[in-house]
Amino acid sequence: MKKKEVPQDKSHLEKANIKDMVYAVDENGEYTAELSTGWEPKSIALDNAIQEIEERTAAAKARFFNNESSPIEYYMELHKMDIPILASYMGLWQWRVKRHLKPSVFRKLSAKTLQKYADVFEISIGQLKGINE
Amino acid sequence: MSETLKIDFSHKQAAHCENGVVSNLMRHNGFEVSEPMVFGIGSGLLFSYLPFIKVNYAPVFTYRVLPGLVFNRFAKRVGIKVKREKFSSPKKAKARLDENLKNNNPVGLQVGVYNLIYFPDEYRFHFNAHNMVVYGKKDGQYLISDPVMESVTSLTERQLEKVRFAKGAFAPKGHIYYPTAFPEKLELESAIAKGIKQTCRDMTAPVPIVGVKAIRWVAKNIRKWPKKIGAKKTNHYLGQIVRMQEEIGTGGGGFRYIYAAFLLEAADEIHNEKLKKFSKEMTEIGDLWRDFALDASRIYKNRSSESDGYNKIADQLVAIANREENFFKRLKKAI
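The rules behind each value
- Residues numbered from 1 in each chain as written.
- Chains lettered and ligands numbered in written order.
- Predicted model: local features only at pLDDT ≥ 70, side-chain atom pairs only at ≥ 80, totals over all residues.
- Helix = DSSP H or I, 4+ residues; strand = E, 2+ residues; numbered from the N terminus.
- Rg over C-alpha atoms; globule rule 2.2 N^0.38 Å.
- Buried ≥ 20, exposed ≤ 12 C-beta atoms within 10 Å, placed from the backbone.
- Contact = placed C-beta atoms within 7 Å.
- Domains from an automatic or database assignment.
- Nonpolar A, V, L, I, M, F, W, Y, C, P; charged D, E, K, R; others polar.
- Axes fitted to C-alpha atoms, helices over the stretch in contact; angles between N-to-C directions.
- Core = buried A, V, L, I, M, F, W, Y, C linked by C-beta atoms within 7 Å.
- Pairing = 2+ DSSP bridges.
- Expected span 1.5 Å × (residues − 1).
- pLDDT = per-residue confidence, 0-100.

Caption draft 1: Representation of the overall build of chain B. Along chain B, the regular secondary structure elements total 11 helices and 9 strands. At 21 Å, chain B has a C-alpha radius of gyration in line with the 20 Å of a compact globule built from 335 residues. Its C-alpha atoms give chain B principal-axis dimensions of about 65 × 45 × 30 Å. Across the 335 residues of chain B, 49% fall into the buried class. A sequence separation of at least 24 residues applies to 70% of the contacts in chain B between residues at least 6 apart.

Caption draft 2: Inspection of the overall build of chain A at higher detail. Helix and strand content of chain A: 7 helices and 2 strands. Tracing chain A from N to C terminus, the helices and strands come up as β-β-α-α-α-α-α-α-α. Compactness check: chain A gives a C-alpha radius of gyration of 21 Å against a globular reference of 14 Å for 133 residues, more than 25% above the reference. With the principal axes as the frame, chain A shows a C-alpha extent of 70 × 30 × 25 Å. For chain A, the residues scored as buried account for 32% of the 133 residues in total. Counting only contacts in chain A whose residues sit at least 6 apart along the sequence, the fraction spanning at least 24 positions is 45%.

Caption draft 3: Looking closely at unusual backbone geometry. In the Ramachandran plot, A:N17 falls in the positive-phi region, its phi being about 60 degrees despite a non-glycine side chain. Counting through the fold element by element, A:N17 comes out in the segment before β1 (20-25). Accessibility expressed as a C-beta count within 10 Å gives 11 for A:N17, which makes it exposed. In the Ramachandran plot, B:N56 falls in the positive-phi region, its phi being about 50 degrees despite a non-glycine side chain. Within the fold, B:N56 resides in the loop between β2 (45-55) and β3 (58-64).

Caption draft 4: Broad picture of the domain arrangement of chain B. Residues and elements named next belong to chain B. Taken as a whole, chain B is organised into domain 1 (5-32 + 81-181) and domain 2 (188-334). The partner domain 2 presents 5 residues to the 4 residues of domain 1 that form the contact. Looking at the side of domain 1 that touches domain 2 residue by residue, the class counts come to 3 nonpolar, 1 polar and no charged.

Caption draft 5: Just the packing of helix α7 (residues 211-229) of chain B against helix α8 (residues 231-246) of chain B, in detail. Relative orientation of the contacting elements α7(B) and α8(B) amounts to 145 degrees, with a least axis distance of 7 Å. For the pair α7(B) and α8(B), the contacting residues are B:W225, B:P226 and B:I229 in the first and B:A231, B:K233, B:T234 and B:Y237 in the second.

Caption draft 6: Spotlight on the nonpolar core. Counting 108 residues, the largest nonpolar core has B:V134, B:I258, B:Y259, B:L263 and B:A296 as the members making the most contacts within it. Listed in part, the 17 residues of the second largest apolar core include A:A60, A:Y74, A:Y75 and A:L128.

Caption draft 7: Broad picture of the interface of chain A and chain B. In this assembly, 32 residues from chain A lie in contact with 40 residues from chain B. Sorting the residues of the side of chain A that touches chain B by element identifies β1, β2 (31-36), α1 (40-65) and α3 (83-90) of chain A as the ones contributing at least two each. Of all the elements, α1(A) adds the most residues to the side of chain A that touches chain B, at 10 residues. The residue makeup of the side of chain A that touches chain B, split by class, is 22 nonpolar, 3 polar and 7 charged.

Caption draft 8: Here's a closer look at the domain arrangement of chain A. The domain boundaries assigned to chain A delineate domain 1 (7-38) and domain 2 (51-128). Distance between the C-alpha centres of domain 1 of chain A and domain 2 of chain A: 39 Å.

Caption draft 9: Spatial organisation of the pairing of strand β6 (residues 130-138) of chain B. All names here are of chain B. Burial runs high along β6: 8 of the 9 residues are buried. With 2 bridges joining them, strand β1 (residues 5-6) and β6 adopt antiparallel strand pairing. Bridging from a neighbouring strand, L5 pairs with K137 of β6. Sheet analysis places strand β5 (residues 107-111) next to β6, joined by 5 bridges and oriented antiparallel. By the bridge assignment, G108 is partnered in β6 with V133. With 5 bridges joining them, β6 and strand β7 (residues 141-145) adopt antiparallel strand pairing. Bridged to K137 within β7 is Y142.

Caption draft 10: Looking closely at helix α1 (residues 17-28) of chain B. Residues and elements named next belong to chain B. In a regular helix each residue adds 1.5 Å, so 12 residues correspond to 16 Å; α1 covers 16 Å between its end C-alpha atoms and thus fits that length. Along α1, the residues classified as buried are C17, E18, N19, G20, V21, V22, S23, N24, L25 and M26. Buried residues along α1 sit against α2 (35-41), α3 (69-78), β5, β6, β7 and β9 (176-181). Phi for G30, located one or two positions after α1, is positive at around 90 degrees.

Caption draft 11: Structural context of the confidence of the model for chain B. On average, residues of chain B carry a pLDDT of 95, and 98% of them reach 70 or more. Predicted as a complex, the structure gets a pTM of 0.95 and an ipTM equal to 0.93.

Caption draft 12: Representation of α1(A). Compared with an ideal rise of 1.5 Å per residue, which puts 26 residues at 38 Å, α1(A) spans 37 Å between its outermost C-alpha atoms and is within 8% of the ideal. Backbone geometry just after α1(A) places A:N67 at a positive phi near 60 degrees.

Caption draft 13: Spotlight on the pairing of β5(B). All names here are of chain B. Burial of β5 is extensive: 5 of the 5 residues sit out of reach of the surface. Side chains of β5 alternate between two faces, with V107, L109 and V111 and G108 and Q110 buried alike. In terms of strand pairing, β5 meets β9 through 2 bridges, oriented antiparallel. The residue bridging L109 from the neighbouring strand is I176, located in β9.

Caption draft 14: Looking closely at the environment of A:V120. All names here are of chain A. Turning to its location among the elements, V120 is positioned in helix α6 (residues 111-121). Along the chain, V120 and Y89 lie 31 residues apart, while their C-alpha atoms are 6.8 Å from each other. Other than its neighbours up to four places away in sequence, V120 contacts Y89 and M90.

Structure below.
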């Protein structure tokens, strides 16, 4: 990549005042480190990935209101987690966390376990038990 | 604790966090080593495809070696010693950090990105192999030199503890590291040769999950995915490839440009003119990776699913694999 070809596209980096450093070749054939505000191909990839998480979060919410899933699934998606990551934060086996996604199992969880989930998601137990519509 | 502890530390932005931390810590200790030099000597360049491990609901594609490896190899090859420690207790981890700061020793930390408040929300994923330097403490705030940031920043005790004890794959467990002993003079010449040789070996390894063979495997799968897993998932996977290749920290072209910069610098360092030509070629290979990313993005931008597009980018990957195979075979002989 030539120095003058370093892309300066719009990206989410802008609002945090971060610029991406890339390496490019200058007029004399020497390498220099240049700052880039972003590049469209990767911005689109990131936006798509975020949109997918939002879709999964919305689906988890719908499942909660249909009584197909416990709120834990919703909060897990909201925090961009999956079962292995949530299990790691909880210090539990994955199969146990998976069971807690069932509404019937969730209803029987001890106060201690609920508190742990609430701590991981940084909300109260009251909030954990429901989802704002 | 309201005492002020500020180590005189010069922050310099880098493309990649681990190279940047090493380069900045080396400068602090009186050795000027550039980011590309750290990356090249540490044999950071790679390609690897791990279809059986999923991150963000997509397989793992990586353009570099495992976290920590660059510093370890670099240290061994230039003759410095590194101390590394992990903790099960956040309290002990904090005590060890404070102790080092008191001893005027800036340290490297491995942290998770998800709770790193100075990153934009969109970039905060559960990625646990980020690196930063802590160089002091002021009014209860830790002073942070994060190599991907233009300038220094700070985190509260609570914020730093959270990122040091992030959970999930590659959980940092409070991981702290710093160089402890240095030689009189860094042995760059032999280190460069060793670094290059290992990368040549890795990239042409006879296993399907690393090097050029892994690139070909991905190409093969890209042709199959649309039928097998559908266009939506395929496009999600392509997005993952492009992000791993181009997202913050690769220097562009999946680390190929950083590597080209390394070869150019190494040519002068070990007086090998041939490396300059190799550097130019590596830049061209980086450009091919950029073209691939651009064409892949055209597919997922429109969320389209014409199979022609998939075959075309698969062809591009095969061409890149052939080019890299030929490149690393010749580079090995030139050293």
